[in-house]
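# Summary of structural features
One-letter residues, chain by chain:
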Amino acid sequence: KQEVTQIPAALSVPEGENLVLNCSFTDSAIYNLQWFRQDPGKGLTSLLLIQSSQREQTSGRLNASLDKSSGRSTLYIAASQPGDSATYLCAVPALLYSGGGADGLTFGKGTHLIIQP
Amino acid sequence: EPEVTQTPSHQVTQMGQEVILRCVPISNHLYFYWYRQILGQKVEFLVSFYNNEISEKSEIFDDQFSVERPDGSNFTLKIRSTKLEDSAMYFCARTGNTGELFFGEGSRLTVL
């Protein structure tokens, strides 16, 4: 059964700092990995999707890397801003049965990030 | 603009009552999903729906749950006899062309 762990559970840093969020997963037979952002009481916003053939993906100040063999991904946030404050979730295919588009995602508990102005 | 629209945003119900949560995808995609998030816990996969049929479901998705797309547009999740532990945020989602998952804003269900 796929398990996802995110470290740290919470992080508070001053504005402007660069930071790294970590995600690890137990079954490396994944075909992609996705990072999401969740604001309190809100839905999930997709940040980045990394296909298994890719090692990293970038969007603006965000950069996500994937190392399938070691079961790890990192999300790098450059020049953090107070608006980046949210919970960041990592998710990988649950690999329940058939795989592919029908497969559900297994999520980590997230990293609760606070950027101090 | 949200990728999917969910209604209601919040529903309060009595234990044992039936609840129907609705999702309207904006784009015409084939794969749809329901997830739930109990307060303070992980987002959990419930069921995937492809071409008007259940494709995969988790162990959470027992006989109390059902999904359908009755009119080819709305995608519904029904909980037949709600329990206290069904209180959660329920999210509808769809995939994009690259397999990226897009979520709705969620429906908060409170069972009293």
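Because the structure is a prediction, the values reported are computed rather than measured.

### Remarks on the sheet that holds strand β3 (residues 19–25) of chain A
All names here are of chain A. Taken together, the five strands give an open sheet; going across it, the order is β1-β3-β8-β7-β6, and neighbouring strands pair in antiparallel fashion. Strands at the two margins of the open sheet, each flanked by one partner only, are β1 (4–7) and β6 (56–59). Sheet twist, expressed as the mean angle between neighbouring strand axes with direction ignored, is 15°. Note that β1 and β3 share four bridges and pair antiparallel.

### Structural notes on the side chain of A:Q34
Summarising the element assignment, A:Q34 is placed in strand β4 (residues 32–38). For A:Q34, a relative accessible area of 2% translates into the label buried. The residues contacting A:Q34, other than those within four sequence positions of it, are A:S46, A:L48, A:L49, A:L89, A:C90, A:A91, A:L105, B:G99, B:E100 and B:L101.

### Some words on the confidence of the model for chain B
Of the residues in chain B, 94% have a pLDDT of 70 or more, and the chain-wide mean is 90. Mean pLDDT across the elements of chain B ranges from a minimum in strand β6 (residues 53–57) of chain B, with 89, to a maximum in strand β11 (residues 107–111) of chain B, with 98.

### Here we look at the interface of chain B and chain A
Tallying the contact residues gives 23 residues for chain B and 27 residues for chain A. Summed over both sides, the interface of chain B with chain A buries roughly 1,900 Å², with 51% coming from carbon and sulfur. The interface formed by chain B and chain A includes one salt bridge. A:K1 is the salt-bridge partner of B:E59, the closest N and O atoms lying 4.0 Å from each other. The tally of links from chain B across to chain A stands at six residue pairs in polar contact (both at pLDDT 80 or more). Contributing elements (two or more residues each) for the side of chain B that touches chain A: β4 (31–37), β5 (43–50), β6, β9 (88–95) and β10 (101–103) of chain B. With four residues, the single largest contributor to the side of chain B that touches chain A is β4(B). By residue class, the composition of the side of chain B that touches chain A is nine nonpolar, seven polar and seven charged.

### Observations concerning the sheet that holds strand β1 (residues 4–7) of chain B
All names here are of chain B. Strand order in the open sheet formed by four strands is β1-β3-β8-β7, with antiparallel pairing between adjacent strands. Here the strands that pair on one side only, and so sit at the sheet edges, are β1 and β7 (65–68). Taking each pair of neighbouring strands and ignoring which way they run, the sheet shows an average axis angle of 15°. Where β1 and strand β3 (residues 19–25) come together, four bridges link them in antiparallel fashion. Across the sheet, the residue bridging to Q6 is C23, located in β3.

Definitions and cut-offs
- Residues numbered from 1 in each chain as written.
- Chains lettered and ligands numbered in written order.
- Predicted model: local features only at pLDDT ≥ 70, side-chain atom pairs only at ≥ 80, totals over all residues.
- Heavy atoms only, no water.
- Pairing = 2+ DSSP bridges.
- Helix = DSSP H or I, 4+ residues; strand = E, 2+ residues; numbered from the N terminus.
- Axes fitted to C-alpha atoms, helices over the stretch in contact; angles between N-to-C directions.
- Buried < 20%, exposed > 50% of the residue type's maximum accessible area, 1.4 Å probe, protein only.
- Contact = heavy atoms within 4.5 Å.
- pLDDT = per-residue confidence, 0-100.
- Buried area = accessible area lost by both parts, 1.4 Å probe.
- Salt bridge = Lys/Arg side-chain N within 4 Å of Asp/Glu carboxyl O.
- Polar contact = N/O pair within 3.5 Å; in protein donor to acceptor, adjacent residues only side chain to side chain.
- Nonpolar A, V, L, I, M, F, W, Y, C, P; charged D, E, K, R; others polar.

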